[in-house]
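Remarks on the overall topology
Below are the chains, spelled out letter by letter.
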Amino acid sequence: MSELTGKVAAVTGAASGIGLASAEAMLAAGAKVVLIDRDIKALEAACERLGDRAMPLVIDLLNPESCASLLDGVLARASQLDILHANAGTYIGGDLPETSLDAIDRMLNLNVNVVIKNIRTVIPHMIERGTGDIIVTSSVAGHTAVPWEPVYSSSKWAMTCFVQTMRRQLLKHGIRVGSVSPGPVISALLSDWPEENLRKAKENGALIEPKEVADAVMFMLTRPRTVTIRDIVILPSAFDI
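Along each chain, residue indices are assigned from 1 in the same order as the chain's sequence is written. Totals for whole chains, interfaces and linings use every residue, but because this is a predicted model, local features are given only for residues with pLDDT of at least 70 and side-chain atom pairs only at 80 or more, for both listing and counting. To obtain the side-chain values, all non-hydrogen atoms of the structure were included, while hydrogens and water were left out.

1. Examining the overall build of the chain
- The helix and strand inventory of the chain stands at eight helices and seven strands.
- Radius of gyration means the value over C-alpha atoms here, while the globule rule gives 2.2 Å times the residue count to the 0.38 power. For the chain, the C-alpha radius of gyration of 17 Å lies close to 18 Å, the compact-globule estimate for 241 residues.
- Overall, the chain is about 45 × 40 × 35 Å in size when its C-alpha atoms are taken along their principal axes.
- Whether a residue is buried, partly exposed or exposed follows from its accessible area with a 1.4 Å probe, protein chains only, as a fraction of its type maximum: under 20%, in between, or over 50%, in that order. Counting the 241 residues in the chain, one finds 52% classified as buried.
- A sequence separation of at least 24 residues applies to 67% of the contacts in the chain between residues at least 6 apart.
- Computed by Shrake-Rupley with a 1.4 Å probe, the accessible areas treat only the displayed protein chains as cover when residues are assessed. Summing over all exposed atoms, the chain offers an accessible surface of approximately 11,300 Å²; the carbon and sulfur share of this is 53%.
- Averaging the locations of the 23 positively and 27 negatively charged side chains of the chain gives two centres separated by 8 Å. Helix and strand definitions follow DSSP, with helices as H or I runs of at least four residues and strands as E runs of at least two, each counted in order from the N terminus. We call two residues in contact whenever any of their non-hydrogen atoms come within 4.5 Å of each other. The charge count includes Lys and Arg as positive and Asp and Glu as negative, but it does not include His or the ends of the chains. Here the site of a charge means NZ on Lys, CZ on Arg, CG on Asp, or CD on Glu.

2. Concerning the environment of Asp102
- Of note, Asp102 is situated in helix H5 (residues 101-129).
- Judged by relative accessible area, which is 63%, Asp102 ranks as exposed.
- For the pair Asp102 and Ala86, spaced 16 residues apart in the sequence, the C-alpha separation amounts to 23 Å.

3. Some details on the side chain of Arg176
- With respect to the helices, strands and loops of the structure, Arg176 is situated in strand E6 (residues 175-182).
- We classify Arg176 as buried; its relative accessible area is 6%.
- In terms of polar contacts, Arg176 uses its side chain to reach the backbone carbonyl oxygen of Val227, at 2.8 Å.
- Not counting residues up to four positions away in its chain, the partners in contact with Arg176 are Gly132, Asp133, Ile134, Met220, Leu221, Arg223, Pro224, Arg225, Val227 and Thr228. Pairs of N or O atoms within 3.5 Å make up the polar contacts considered here, provided that, within protein, one atom can donate a hydrogen while the other can accept it, and that residues adjacent in sequence are counted only when both atoms are side-chain atoms.

In structure tokens form, the structure reads like this:
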């Protein structure tokens, strides 16, 4: 498979989970991929395993100066940026009174503000080139109100709105914008799930693998330029929501 040969992608939250699976899929399709994460050891280990076309870029997205360096860091490693997969995010579940104010700030900053800032950073470059793809990792929680996820669900509803407004703003520049909205994925984010919910999900087969989300991302990226996949909701078949 070589649909992405000659293209350069950047993936945030790329040291594990969906981000790593997405980077692996893009590399397999021929792209050069800049893997962005704050976990230096995991990032370097992944890039060493994945080969020369996988390039690490250490960024703490919650640090404003570090976050703003994303495009410069990518261009220092490659001559262009064709694809941004804004994937980094975090999770809070449970009743709102039990959630700390600091945790709320961190989640909304990473799930909302950082995504908006990352896309704001890269679009002048894409506009100048007259082409590009932007994919945001959202969630099925951005399409339905999940009662045990009031903060997380709200952050993903914000992304649903943002992706669709930016899709309309950027289509005239040849830039496609869409989101992939998975149900529960086997990843580190589930460590904050209520234990009973996680146990039931595992028992019922209501979880999917990161690779299955990456497959959806690749479907979006490999459509003809005349086609935009606005959003893909990908669920475990046993997930009842």
